[in-house]
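# Commentary on secondary and tertiary structure
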Amino acid sequence: MSTEANASAPTTGSNRVKRGMAEMLKGGVIMDVVNVEQAKIAEDAGAVAVMALERVPADIRAQGGVSRMSDPDMIDSIINAVSIPVMAKARIGHFVEAQVLQSLGVDYIDESEVLTPADYENHIDKWAFTVPFVCGATNLGEALRRINEGAAMIRSKGEAGTGDVSNATTHMRKIRAEIRRLSSLPEDELYVAAKELQAPYELVKEIAETGKLPVVLFTAGGIATPADAAMMMQLGADGVFVGSGIFKSGNPAQRAAAVVKATTFFDDPDMIAKVSRGLGEAMVGINVDEIAAPHRLAERGW
Amino acid sequence: MVTSAVPQPSSPPAAALGSAPASGGPAAGGPVVGVLALQGDVREHLAALAHVGARAVKVRRPEELEGIDGLVIPGGESTTIDKLARAFGIAEPLRAKIAEGFPVYGSCAGMILLADEIADPTKDLSGHAQESFGGLDITVRRNAFGRQRESFETDLDFKEVDQAGGPVHAVFIRGPWVERVGPSVEVLAEVDPQHASHTATLEGKARIVAVRSGRLLATSFHPEVTGETRIHELFIRMIKGEA
């Protein structure tokens, strides 16, 4: 599986270096930011990384139109403003946007359904890059297809830009339930399981044996409160992406710090209660059920 | 290279977490070693410690510093761990314990947090520089080897570990290096320019990536993600006063 370095030559972009980067983010919160000011607020609040993008998902949803990779100048300015890792989004299948992001020196690329897909059949061949990728998934088969294409980190998709955590819950429960099911199957049923999951047999067999994904699993899409973040951690997420939930709320700096603390003490209700006080207004949000199916971002990617 | 007992990413059920000793392993008589569990690759360190016979426990609260024989500060984001450690009141008691000779091992972010001086500390919006717990008379430079694109793995000669196992395979992830060591500090490993990926930043010099002073140990790299257990073994020997 992992790339073994030969005796002495240094190796970059290996599986271990890519997946290892995600291991270091565990227990942390990655925040969407659209400018230097927000990036500094996120870093101050204790974010482990920021995701640089032009519009947060709530605005993408409200304004419509085609959504693309961010302006390189904007990404540069954020890279120069903060010392924590900087991630950025490329459109699904848009390998040239990914090449540009790698050239800019971003630390992780999110091949994201939040942007308008550039290819409705193929995702990016992520093995071709030195920089690691995170991809969204709504179920185990989708996660394994992304890992097979080279993703070094998975996030459950949820429904971005809603402030409604229900889809994040569904996707996290689904992925973990499907992993548990594989662990319970006899070996001779794994072939059909792989077919049903539409995932490579080798990966399915590995999951069945280890009972876990070979990469870190974060959660995303609709997390708006400290309690939302803690619930996702209790459901087994390794960490949390927060998009619109912070900078669409009444007091972003305080809410951001509270979400970070609740993620660390996700299993301590007294602490979650304490950090949840006095945060002002949460993002107003929309219920996922009220969004017509063609406008649901989680259904992009396959 | 990778041994079966070691770090598997991804998540055990929440119920399995918490501050109970890590299950399994020949732990009964070993020292109790905490892993600072505010953020970072805590699970990998717990697994590596259990593998070398320690009873590994998670530490998040000041009172959890009592009753442990040593502490590991994991890899992660040093600015995040610093902020959480101050917010939850664990930074000051930990500083006091370090001053009394408490054994601590830090990998990557952990090295930064053990350094007396950070060459390029990030500053918050009010101009306050990031802090460290300190204890090691060294100056570290964060992300010295470059960004994630430049993160690399390589082999190192490493003093004080069992040399029969050959060089130590080291994974550097946006790692720091040590720019200055005080007289009390022993250098355990260096990366020379031929063994680093982003050679321009090294300016032709070998860079210090592992140090020890008294019962404090720090590495720029992550032995916990490779299955390399000799560094954790060394730390256990330091706790026991055997090294």
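Look above for the structure.
Here we summarise the structure given alongside this text.

## Brief notes about the pairing of strand β2 (residues 55-59) of chain B
In the case of a regular strand, side chains alternate between the two sheet surfaces. Residue and element names in this part refer to chain B. Here β2 lies mainly inside the structure; four of its five residues are buried. The pairing of strand β1 (residues 32-36) with β2 spans five bridges and is classified as parallel. Bridge pairing links V32 to R55 in β2. Regarding the hand of the β-α-β motif, the stretch spanning β1, helix α1 (residues 42-51) and β2 is right-handed.

## Observations concerning empty space enclosed by the protein
All names here are of chain A. Within this structure, the stated rule accounts for four cavities of 30 Å³ or more. Taken as a whole, the second largest cavity spans an internal volume of roughly 180 Å³. Every element with two or more residues in the lining of the second largest cavity is listed here: β9 (240-242) and α11 (244-247). Within the lining of the second largest cavity, the residues separate by chemical class into nine nonpolar, eight polar and six charged.

## Points about the pairing of strand β8 (residues 216-219) of chain A
Residue and element names in this part refer to chain A. Covered by surrounding structure in β8 are V216 and F218 together with L217 and T219, the residues of both alternating faces. Pairing geometry for strand β7 (residues 153-156) and β8, over four bridges, is parallel. Bridge assignment links I154 to a residue of β8, and that residue is L217.

## Focus: the sheet that holds strand β8 (residues 168-172) of chain B
Pairing in this open sheet of three strands is antiparallel, and the strands run β1(A)-β7(B)-β8(B) from one edge to the other. Edge positions in the open sheet fall to β1 (11-12) of chain A together with β8 of chain B, since each of these has one partner strand only. When strand β7 (residues 152-156) of chain B meets β8(B), the two strands line up antiparallel, connected through five bridges. Residue pairing across strands places F152(B) opposite F172(B), the latter belonging to β8(B).

## Things to note about the nonpolar core
Where a protein is soluble and globular, its nonpolar side chains tend to be buried together. The biggest cluster of nonpolar side chains holds 114 residues, and the ones touching the most others in it are L182(A) and L71(B). Among all residues touching L71(B), those that are not within four sequence positions of it are V33(B), G34(B), V35(B), L36(B), V59(B), L65(B), L94(B), F102(B), P103(B), V104(B), Y105(B) and F235(B). By size, the runner-up hydrophobic cluster in this structure holds 36 residues, among which are Y105(B), L188(B), A210(B) and F221(B).

## Some remarks on the packing of helix α8 (residues 190-197) of chain A against helix α9 (residues 201-210) of chain A
Residue and element names in this part refer to chain A. Viewed as axis vectors pointing N to C, α8 and α9 meet at an angle of 115 degrees, and their least axial separation amounts to 9 Å. Judged by the sense of rotation from one axis to the other, the crossing of α8 with α9 is right-handed. The residues of α9 that touch α8, namely those facing L190, Y191, A194 and L197, are Y201, V204, K205 and A208. When grouped by side-chain class, the residues that make up the contact of α8 with α9 number seven nonpolar, no polar and one charged.

## Some thoughts on helix α4 (residues 72-81) of chain A
All names here are of chain A. For α4, the set of buried residues is M74, I75, I78 and I79. Projected down its long axis, α4 carries its buried residues within an arc of 135 degrees, all on one side. Opposite the packed face of α4, turned more than 90 degrees from it, sit the exposed residues D73 and N80. Check the buried side of α4 and you find it contacts β2 (29-33), α2 (36-45), β3 (49-52), β4 (86-91) and α5 (95-104).

## Here we look at the side chain of S83(A)
Residue position: S83(A) is located in the loop between α4 and β4. With residues near it in sequence (within four places) discarded, S83(A) still touches E43(A), T79(B), T122(B), R142(B), N143(B) and R174(B).

## Considerations on the packing of helix α10 (residues 226-234) of chain A against helix α12 (residues 252-264) of chain A
All names here are of chain A. As a packed pair, α10 and α12 sit with axes 8 Å apart at the nearest point and diverge in direction by 25 degrees. Judged by the angle between their axes, α10 and α12 are roughly parallel. α12 is crossed by α10, and the crossing has right-handed handedness. Residues P226, A229, A230 and M233 of α10 pack against R255, A258, V259, A262 and T263 of α12. By residue class, the composition of the contact of α10 with α12 is seven nonpolar, one polar and one charged.

## A few points about the environment of G280(A)
All names here are of chain A. In this fold, G280 is placed in the segment after α13 (269-276). Judged by its relative accessible area of 58%, G280 falls in the exposed class. Through-space distance from the C-alpha of G280 to that of V100 is 39 Å; in sequence the pair is 180 residues apart.

What counts, and at which threshold
Residues numbered from 1 in each chain as written. Chains lettered and ligands numbered in written order. Predicted model: local features only at pLDDT ≥ 70, side-chain atom pairs only at ≥ 80, totals over all residues. Heavy atoms only, no water. Buried < 20%, exposed > 50% of the residue type's maximum accessible area, 1.4 Å probe, protein only. Helix = DSSP H or I, 4+ residues; strand = E, 2+ residues; numbered from the N terminus. Pairing = 2+ DSSP bridges. Right-handed = clockwise from strand over helix to strand, strands pointing away. 1 Å grid on protein atoms, 1.4 Å probe; cavity = no way out; pocket = protein on both sides within 12 Å on 5 of 7 lines; lining within 4 Å. Points joined across faces, edges and corners; volume = space filled by probe spheres on them. Nonpolar A, V, L, I, M, F, W, Y, C, P; charged D, E, K, R; others polar. Core = buried A, V, L, I, M, F, W, Y, C linked by side-chain atoms within 4.5 Å. Contact = heavy atoms within 4.5 Å. Axes fitted to C-alpha atoms, helices over the stretch in contact; angles between N-to-C directions. Left-handed = near helix turned anticlockwise from the far one by under 90°. Arc of directions from axis to C-beta. Parallel < 35°, antiparallel > 145°, perpendicular 65-115°, else oblique.

Any link to function would need more than the numbers given here.
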